[in-house]
Amino acid sequence: MDRIDLAILRALQADGRISNADLAQRVNLSAATCHRRTQRLFEAGVIGTVRALVTPEHVGLGALVMVGVVLDRSTPESFADFEAAVARMRVVLECNLVAGDFDYLLKVRVGDMKDFNRLHAESLIALPGVRQIRTFFVIREVKRDGPLPF
């Protein structure tokens, strides 16, 4: 990857809807060359996808909850079972295996505290291998979905 590829990536991170013509102008390339380079970045997996960031409140998902999960065993099988179950849960936006006080940190979107309480009672505590769950309700999102700093 050269400086032009990085410029293309920065521009697309800032505005995924930018037209190829505008992108080409921004990075000082012809439209055809810019298109080829962008396609190559997709094919190489450097760009995974382009999608819209929907405002959660507008679709009834105004509550953001971070959930720390501790499993009862630290085995490859217990991790695999937990991860497979979480992958099927649409309300879980992110699941990360972490070091520290928890085994996993989940990012969950629900409508409100009542919705989360139902999710907790019906789904989260029933996940395979869960020993403990610690819940953190986000009061305000200060920075969200920031671009990668390259």
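This text goes with the structure placed above it.
Residues numbered from 1 in each chain as written. Predicted model: local features only at pLDDT ≥ 70, side-chain atom pairs only at ≥ 80, totals over all residues. Heavy atoms only, no water.

A. The packing of aromatic side chains, seen in detail. For the structure on display, the rule yields four aromatic pairs. Ring centres of Phe79 and Tyr104 lie 5.9 Å apart, and the angle between their planes is 75°; on these two criteria the pair is classed as edge-to-face. Pair noted here: Phe79 is in helix α4 (residues 76-87) and Tyr104 is in strand β3 (residues 104-110), with a separation of 25 residues, a long-range link. Taken together, a centroid distance of 6.2 Å and an interplanar angle of 75° make the contact between Phe102 and Phe136 edge-to-face. Of this pair, Phe102 sits in the loop between β2 (92-97) and β3 while Phe136 sits in strand β4 (residues 130-137), placing them 34 residues apart in sequence. (Phe/Tyr/Trp six-rings, centres within 6.5 Å; stacked < 30°, edge-to-face > 60°. Helix = DSSP H or I, 4+ residues; strand = E, 2+ residues; numbered from the N terminus.)

B. Geometry of the nonpolar core. Counting residues in each nonpolar core, the largest one holds 21 residues, and the members touching the most others are Val67, Val69, Phe82, Leu106, Val108, Leu124 and Leu127. When residues of this core are traced back to their parent elements, those giving at least two are β1 (63-71), α4, β3, α5 (113-122) and β4. Sort the elements by how many residues they give to this core and β1 lands first, with five residues. Those residues in contact with Leu127, other than ones at most four positions away along the chain, are Phe82, Ala85, Val86 and Met89. Counting residues in hydrophobic clusters, the runner-up holds 13 residues, among them Ile8, Leu9, Leu23 and Leu29. (Core = buried A, V, L, I, M, F, W, Y, C linked by side-chain atoms within 4.5 Å. Buried < 20%, exposed > 50% of the residue type's maximum accessible area, 1.4 Å probe, protein only. Contact = heavy atoms within 4.5 Å.)

C. Here's a closer look at the sheet that holds β1. Taken in spatial order, the four strands of this open sheet run β2-β3-β1-β4, and their pairing is antiparallel. Either end of the sheet is taken by a strand with one partner, and the two such strands are β2 and β4. When strand polarity is set aside, the average angle formed by the axes of neighbouring strands in this sheet is 20°. In this structure, β2 lies alongside β3, joined through five bridges in antiparallel fashion. By the bridge assignment, Cys95 is partnered in β3 with Leu106. (Pairing = 2+ DSSP bridges. Axes fitted to C-alpha atoms, helices over the stretch in contact; angles between N-to-C directions.)

D. Region of the structure containing α4. Between its terminal C-alpha atoms α4 stretches 16 Å, which fits the 16 Å expected from 12 residues at 1.5 Å a residue. What α4 keeps buried is the set Ser78, Phe79, Phe82, Ala85 and Val86. Taken around the axis of α4, the buried residues stretch over an arc of 135°, which confines them to a single face. For α4, the exposed residues lying more than 90 degrees away from the buried face are Pro76, Glu77 and Ala87. Contacts made by the buried residues of α4 are with β1, β2, β3 and β4. (Expected span 1.5 Å × (residues − 1). Arc of directions from axis to C-beta.)

E. Structural context of the packing of helix α1 (residues 3-14) against helix α3 (residues 31-43). Relative to each other, α1 and α3 sit at 80°, their axes nearing to 11 Å. Considering their axes alone, α1 and α3 lie roughly perpendicular with respect to each other. On α3, the residues that touch Ile4, Asp5, Ile8, Leu9 and Leu12 of α1 are Cys34, Arg37, Thr38, Arg40 and Leu41. Looking at the contact of α1 with α3 residue by residue, the class counts come to six nonpolar, one polar and three charged. (Parallel < 35°, antiparallel > 145°, perpendicular 65-115°, else oblique. Nonpolar A, V, L, I, M, F, W, Y, C, P; charged D, E, K, R; others polar.)

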